[in-house]
Amino acid sequence: MCGALSDSSGAKAQSAISLEVLFLFCVGASTGSGGTEHAESELVESKERRVAEVVERSSTVAVTTQITAAPHAVSGERSRCSQGEEAELFWAREYIQTRTSERPQHMRAYIILFACVRIVECYKNGLISSACGSMAPNHGSSAQTSAAPYSVTVDKTSYSAGDAVTVTLSAKSGTFLGFLLEARLIGGSTPFGSFSSAGTGAQLLPCSGQPSAAVSHSSPTPKSQIQSIWKAPTSGNLNNIQFSATFVQAYSSFWVGVKSAQVTYSTGNGTTAMVNIHPSIQSNGISSAGCGITKTCVSQPSNCDPFTNSNCYFMSAMPLSDGSGFNFEIFGPSNGYVAIAFSDDQQMGNDDIYICGKNSQGNIQLQHAFSTGTTTPTTIRMGNVTNFNASFTNGVISCSFTSRNSISTTRSSASTNSYYIFLANGPVDQNGVIQIHPNTPIISSAKIDLYSPQVLGGEQYPAIVKAHGCLMLISWMTTGSVGMLIARYLKKTTRGTRCCGKDFWFVAHMLLMLLSVAATIIAFILVFSYAQDWAGGAHPVLGCMVMILSLVQPTAAMFRCSPQHERRFIFNWAHAINALAIKALAVAAIFTGLILVDPSQDGWLPKVMGGFVAWEALFFLFLDIHQKWTEKDVDGDDYGQIRPEVLIMLAFFLGNVAFLVTLLVGIGNV
């Protein structure tokens, strides 16, 4: 019966009934079907009427014809009552309890009336500070688990200290009677900041000792939209926030924790943080101490310590104690910039990037950026980045900073903390705009969970890129070179020796050159399937020219005329010139490729390649001189003896293999 007492919003017809009438009805109903008892003494009757009057004065109670709805949209704390009202209510409860013990047969009636007295106990709609922590109404039922028919929206995606954010509560369908709105730090459990305006039909509410920390309804009238203004603190632990709301549709139908989109904290309106430095400032103390214990580290060479090795490329990420972000460190030799990126794969594109580099005045700045491919990344708002320190010493850039930004690889927050880490460096132009990095970035060999400290060496080049380089090196510095030497210098030496109906030199030359072309095609496909774009620079241009001419060479040979044809010399000259062009272009392509991948400061790999080319040139020259010297004496030579050309070719091959193995090992270690 008393459950019917409410401020109903859904009933169209309401009947205001005095609690005195209800009380008499309850007393009559409690005697059973046999009729009412004889009247009590005038004193008892007077007291019971007084109880009804106290209850009736304390609150206007409406009884709907449908016996539905709740007395308040969100249960709340008591409003202030006068001392006289408090005393009367206390007396009424005491009297009911006494009469219950004296008259057990009236137990049912007194229990009902006692509940009624508690319902009207001086509560005012919306004053619900006691619910600020859980944000759950004390309605004796659980919150709805279905999708809420309400939304919480904001007019900003980021904020700075002291900013105002407009928050709108809206009903997607229908209305809501009551609500509670708070701003909270991501992962926080208490209100953050304060509201400066509640909006129509709403009121500011103190929470956790903070004035105006929340907004709630001021009456149980139906609402379809509420618009409030939240103001950010001007100091303190500012961080990313979300607005959270509770919506009450009816007494037993409500939704708790309906959230807005994240609002990112920004240190300002710019995209950079800056430290004014002078090149003589010393390093800021970045080292490998704590790697694998308190922080995740990626370095190249593996396990290098930037504190003692200025040629070390290094980054670290240490989780903050509250789990809200990371302390990052970046270190590397560069006269332009060093940068770290977080990616879902080992290819550039859709990466969250922090760039530490020089601006147009030569000062070190930190930029937050996002890449959409292999073009220049787009700078974005710095967000919640603090504690930025930097140094530039002897051509080495080092930066450290704290970021509470969510790492994003699709421009929306991801649910994982595991990423491939890129570490790149390169030049900047006169305006401080970063340019394409001349070397492929150092890439972690596996995805890294930043909350699980570990140590990984940087894999500057994936295996597919290394395979490309190795195949090109083998094709044009070994198989191709040997094939050319055989065709040029061993024709007469192998005279009379045949294989498959052809001269042996021709079969060996053809097989070696076809092998070189096949390896070139495979290498070409591998690198383009990895890059899926034009990388820029001289190396890809040279590589494409080698690929084209390599296909022309065997194609033209298929349509050559016979050796006795009067114009055969045209093919011979064209074939030789094209082969020389392929060799020169291939050597140039290999040189530029080794320069790109060589991590050493002294250019060790290109120097070895220089020795390799010099070794080949020396033997080509020696064999050419030997051929001219012995050309007139070939007919008189003893073919039972090993020819000098064969010994020279053997020495050339052994030296060639030594250089080849050295370069292959070097490529494998980059």
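Residues numbered from 1 in each chain as written. Predicted model: local features only at pLDDT ≥ 70, side-chain atom pairs only at ≥ 80, totals over all residues. Heavy atoms only, no water.

UniProt, in its Sequence similarities (unreviewed entry) section for the chain, records the words "Belongs to the FRRS1 family." Checking UniProt for the chain, the heading Subcellular location (unreviewed entry) contains the comment "Membrane". (UniProt positions renumbered as here; feature names shortened; annotations may be inferred.)

1. Notes on the overall build of the chain
The helix and strand tally for the chain stands at ten helices and 30 strands. Within the chain, the proportion of its 670 residues that are buried is 45%. A total accessible area of about 32,300 Å² is found for the chain, and carbon and sulfur atoms account for 58% of it. (Helix = DSSP H or I, 4+ residues; strand = E, 2+ residues; numbered from the N terminus. Buried < 20%, exposed > 50% of the residue type's maximum accessible area, 1.4 Å probe, protein only. Areas by Shrake-Rupley, 256 points an atom, 1.4 Å probe, with all protein chains shown as cover.)

2. Focus on the UniProt feature "transmembrane region" (unreviewed entry) in the chain
According to UniProt, the feature "transmembrane region" (unreviewed entry) maps to residues 471-490, 511-531, 537-559, 571-596, 608-625 and 646-667 in the numbering used here. Secondary structure across residues 571-596 divides into 100% helix and 0% strand, with the first and last C-alpha atoms of the span separated by 37 Å. This span, residues 646-667, is 100% helix and 0% strand, and a straight line between its end C-alpha atoms measures 31 Å.

3. Things to note about the sheet that holds strand β4 (residues 150-154)
Strand order in the open sheet formed by four strands is β4-β6-β11-β8, and the pairing between neighbours is antiparallel. Single-partner strands in this sheet number two, and they are β4 and β8 (194-197). Each strand axis lies, on average, 30° off the axis of its neighbour in the sheet, ignoring direction. (Pairing = 2+ DSSP bridges. Axes fitted to C-alpha atoms, helices over the stretch in contact; angles between N-to-C directions.)

4. Brief notes about helix α9 (residues 604-630)
Here α9 is 27 residues long and its end C-alpha atoms lie 39 Å apart, about the 39 Å a rise of 1.5 Å per residue gives. Those residues of α9 that fall on the buried side of the exposure criterion are Leu605, Pro606, Val608, Met609, Phe612, Glu616, Phe619, Leu623, His626 and Thr630. In this structure, the buried side of α9 is in contact with α5 (463-489), α8 (568-597) and α10 (644-669). (Expected span 1.5 Å × (residues − 1). Contact = heavy atoms within 4.5 Å.)

5. Observations concerning the side chain of Thr520
Inspection of the secondary structure puts Thr520 in helix α6 (residues 504-531). Within the local environment of Thr520, its side chain forms a polar contact with the side chain of Trp476, the two groups lying 2.9 Å apart. When neighbours within four sequence positions are excluded, Thr520 is seen to be in contact with Met472, Ser475, Trp476, Val546, Met547 and Ser550. (Polar contact = N/O pair within 3.5 Å; in protein donor to acceptor, adjacent residues only side chain to side chain.)

6. Thoughts on the sheet that holds strand β13 (residues 253-259)
Reading across the sheet, the five strands line up as β9-β10-β7-β12-β13 and stay open at both edges, with antiparallel pairing between neighbours. Looking at strand neighbours, the two that pair on one side only are β9 (202-207) and β13, the edges of this open sheet. Strand-to-strand twist of the sheet, defined as the mean angle between neighbouring strand axes without regard to direction, takes the value 25°. In this sheet, strand β10 (residues 210-217) lies alongside strand β7 (residues 178-185) in antiparallel orientation, the contact comprising three bridges. Bridged to Leu180 within β10 is Ser216.

7. Overview of the pattern of salt bridges
For the structure on display, the rule yields five salt bridges. Arg184 serves as the salt-bridge partner of Glu182, at 2.9 Å between the closest nitrogen and oxygen. Overall, Glu182 belongs to the buried group, its relative accessible area being 0%. For Arg184, a relative accessible area of 14% gives the class buried. One salt bridge connects Glu566 with Arg567, and the closest N-O pair in it is separated by 3.2 Å. The exposure class assigned to Glu566 is exposed, which follows from its relative accessible area of 59%. (Salt bridge = Lys/Arg side-chain N within 4 Å of Asp/Glu carboxyl O.)

8. Details of the packing of aromatic side chains
In total, this model carries 22 aromatic pairs according to the counting rule given. When the ring of Phe328 is compared with that of Phe401, the centres are 5.6 Å apart and the planes differ by 40°; the resulting orientation is tilted. Of this pair, Phe328 sits in strand β18 (residues 326-333) while Phe401 sits in strand β24 (residues 396-403), and the two are 73 residues apart along the sequence. The exposure classification of Phe328 matches that of Phe401, with both residues buried. On the numbers, 4.8 Å between centres and 35° between planes, the contact of Phe524 with Phe528 is tilted. Of this pair, Phe524 and Phe528 both sit in helix α6, four residues apart, roughly one helical turn. Within the aromatic cluster, the residues linked to one another by ring pairs are Phe326, Phe328, Phe342, Tyr354, Phe401, Tyr419 and Tyr451. (Phe/Tyr/Trp six-rings, centres within 6.5 Å; stacked < 30°, edge-to-face > 60°.)

9. Points about the side chain of Ser244
Residue position: Ser244 is located in strand β12 (residues 241-250). Given a relative accessible area of 7%, Ser244 falls into the buried group. Setting aside residues up to four positions removed in sequence, Ser244 forms contacts with Met135, Leu180, Leu181, Glu182, Gly257, Val258 and Lys259.

10. Here's the deal with unusual backbone geometry
Residues Gln300 and Pro301 are joined by a peptide bond in cis, for which omega reads 0°. Mapping Pro301 onto the fold places it in the loop between β16 (296-300) and β17 (313-319). Within the chain, Asn303 stands out as a residue other than glycine whose phi angle is a positive 65°. If you trace the backbone, Asn303 turns up in the loop between β16 and β17. Look at Asn303 and you get exposed, because its relative accessible area is 62%.

11. A closer look at empty space enclosed by the protein
The gaps left among the atoms become clear once a water-sized probe is rolled over them. Using the criterion set out here, one finds two cavities of 30 Å³ or more in the structure. In this model, the second largest cavity occupies a volume close to 30 Å³. Counting only elements with at least two residues in the lining of the second largest cavity, the list comes to β18 and β20 (351-358). Partitioned by chemical class, the residues of the lining of the second largest cavity number four nonpolar, three polar and one charged. (1 Å grid on protein atoms, 1.4 Å probe; cavity = no way out; pocket = protein on both sides within 12 Å on 5 of 7 lines; lining within 4 Å. Points joined across faces, edges and corners; volume = space filled by probe spheres on them. Nonpolar A, V, L, I, M, F, W, Y, C, P; charged D, E, K, R; others polar.)

12. Side note on the packing of α5 against α6
It is the contact of α5 with α6, at a shortest axis distance of 8 Å, that shows an interaxial angle of 160°. As the angle between them shows, α5 and α6 are arranged roughly antiparallel. Crossing geometry of α5 relative to α6 is assigned as left-handed. Looking at the contact of α5 with α6 residue by residue, the class counts come to 22 nonpolar, nine polar and no charged. (Parallel < 35°, antiparallel > 145°, perpendicular 65-115°, else oblique. Left-handed = near helix turned anticlockwise from the far one by under 90°.)

13. So, the environment of Ala574
When you line up the elements, Ala574 lands in helix α8. When the C-alpha positions of Ala574 and Ala556 are compared, they lie 9.3 Å apart, and in sequence the two are 18 residues distant.

14. Looking at the nonpolar core
One finds Phe342 and Leu450 to be the most contacted residues of the largest nonpolar core, which totals 30 residues. For this core, the elements supplying multiple residues, two or more each, are β17, β18, β19 (337-343), β20, β21 (364-371), β23 (385-393), β24 and β25 (418-426). No other element matches the four residues that β23 contributes to this core. Those residues within four positions of Leu450 in sequence are excluded, and the remaining contacts are Thr296, Ala317, Pro319, Phe326, Phe342, Ile407, Asn417, Tyr419 and Ile421. (Core = buried A, V, L, I, M, F, W, Y, C linked by side-chain atoms within 4.5 Å.)

15. Looking at the packing of α8 against α9
The N-to-C vectors of α8 and α9 enclose an angle of 160°; their axes lie 8 Å apart at closest approach. As judged from the angle between their axes, α8 and α9 are roughly antiparallel. Residues Lys583, Val587, Ile590, Phe591, Leu594, Ile595 and Val597 of α8 form the contact with α9, whose participating residues are Leu605, Pro606, Met609, Gly610, Val613 and Glu616. For the contact of α8 with α9, the per-class residue count stands at ten nonpolar, one polar and two charged.

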